[in-house]
Amino acid sequence: MSYIDGFVAAVPTAHKAKYLEHAKIAAKCFKEHGAIKVTECWGEDIPEGEITSFPMAVKCKPDETVVFGLIEWPSKDARNAGMQKVMEDERMSSESNPMPFDGKRLVYGGFEVMFDE
């Protein structure tokens, strides 16, 4: 079964176009290195929580928007091999494709798909 990398970030709202450009370059790179699908979502209806929430998780500021994304891989092994290639790819260097957000507040992880219908 496939393997998913998921992430949540806070992106300056004014940088939406820059983020989309960054994401398109990254998606092409991920797919060339084995990803099946890359999905990027710009927050639209993201409630503030009292104990936990997406905005709280990434310390979202008033002038930022929560972004949610996922990368689908054929397997965890394919993800591990592909991710290594992505990190070595010049298109993903901070000089070639700088992140238009604070990467220190990025929340991410890898997930085994238990069910997909």
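Details of the structure are given in the entry above.
The paragraphs below set out a description of the structure included in this document. In this text, all values refer to a predicted model and were calculated from it rather than measured experimentally. (Residues numbered from 1 in each chain as written. Predicted model: local features only at pLDDT ≥ 70, side-chain atom pairs only at ≥ 80, totals over all residues. Heavy atoms only, no water.)

Quick look at the pattern of salt bridges
In step 1: Summed over all chains, the structure comprises five salt bridges.
In step 2: The partner of Arg-91 in a salt bridge is Asp-89, with the nearest N and O atoms 2.7 Å apart.
In step 3: Exposure remark for Arg-91: the relative accessible area of 27% places this residue in the partly exposed category.
In step 4: With a shortest N-O distance of 3.2 Å, Asp-102 and Arg-105 are connected by a salt bridge.
In step 5: A single salt-bridge network, built from bridges that share partners, covers Glu-32, Asp-89 and Arg-91. (Salt bridge = Lys/Arg side-chain N within 4 Å of Asp/Glu carboxyl O. Buried < 20%, exposed > 50% of the residue type's maximum accessible area, 1.4 Å probe, protein only.)

Quick word on unusual backbone geometry
In step 1: Positive phi outside glycine occurs at Lys-59, with the angle close to 50°.
In step 2: Lys-59 sits in the exposed class, given a relative accessible area of 62%.

Observations concerning helix 3 (residues 76–88)
In step 1: Between its first and last C-alpha, helix 3 extends 18 Å over 13 residues, near the 18 Å set by a 1.5 Å rise per residue.
In step 2: Of all the positions in helix 3, only Arg-79, Gly-82 and Val-86 are classed as buried. With its buried residues spanning 80° around the axis, helix 3 presents them on a single face. Residues Asp-77, Met-87 and Glu-88 are exposed on helix 3 and point more than 90 degrees away from its buried face.
In step 3: The secondary structure elements touched by the buried residues of helix 3 are strand 1 (3–12), helix 1 (16–32), strand 3 (64–73) and strand 4 (107–112). (Helix = DSSP H or I, 4+ residues; strand = E, 2+ residues; numbered from the N terminus. Expected span 1.5 Å × (residues − 1). Arc of directions from axis to C-beta. Contact = heavy atoms within 4.5 Å.)

Things to note about the layout of surface pockets
In step 1: What the largest pocket holds in volume is close to 620 Å³.
In step 2: Along its surface, the largest pocket is lined by 25 residues, and Phe-30, Met-83, Met-87, Met-92 and Leu-106 are the ones closest to its centre.
In step 3: The element contributing the most residues to the lining of the largest pocket is helix 1, with five residues. (1 Å grid on protein atoms, 1.4 Å probe; cavity = no way out; pocket = protein on both sides within 12 Å on 5 of 7 lines; lining within 4 Å. Points joined across faces, edges and corners; volume = space filled by probe spheres on them.)

Description of a nonpolar patch on the surface
In step 1: A cluster of nonpolar side chains, contributed by Ile-46, Phe-54 and Phe-68, occupies part of the molecular surface with about 250 Å² of accessible area.
In step 2: Mapped onto the fold, Phe-54 is located in helix 2 (residues 54–57).
In step 3: Relative accessible area serves as the criterion here: at 42%, Phe-54 is assigned to the partly exposed category. (Patch = residues over 30% accessible without salt bridge, like charges linked within 9 Å, V, L, I, M, F, W, Y side chains within 5 Å. Areas by Shrake-Rupley, 256 points an atom, 1.4 Å probe, with all protein chains shown as cover.)

A word on the sheet that holds strand 2 (residues 37–42)
In step 1: Reading across from one edge, 2-3-1-4 is the order of the four strands in this open sheet, with antiparallel pairing throughout. In this open sheet, the two edge strands, each paired with only one partner strand, are strand 2 and strand 4. Along the sheet, successive strands turn relative to each other by an average axial angle of 15°, direction set aside.
In step 2: Packed on one face of the sheet, helix 1 meets strand 1, strand 2 and strand 3 and runs near 165° to strand 2. (Pairing = 2+ DSSP bridges. Axes fitted to C-alpha atoms, helices over the stretch in contact; angles between N-to-C directions.)

A look at the packing of aromatic side chains
In step 1: Going through the model one piece at a time under the given rule, you end up with four aromatic pairs.
In step 2: With centroids separated by 6.1 Å and ring planes inclined at 80°, the aromatic side chains of Phe-30 and Trp-73 adopt a geometry described as edge-to-face. Placement of the pair is Phe-30 in helix 1 and Trp-73 in strand 3, with a sequence separation of 43 residues. Each of the two residues, Phe-30 as well as Trp-73, counts as buried.
In step 3: Taken together, the aromatic side chains of Tyr-19, Trp-42 and Phe-101 make up a single cluster linked through ring pairs. (Phe/Tyr/Trp six-rings, centres within 6.5 Å; stacked < 30°, edge-to-face > 60°.)

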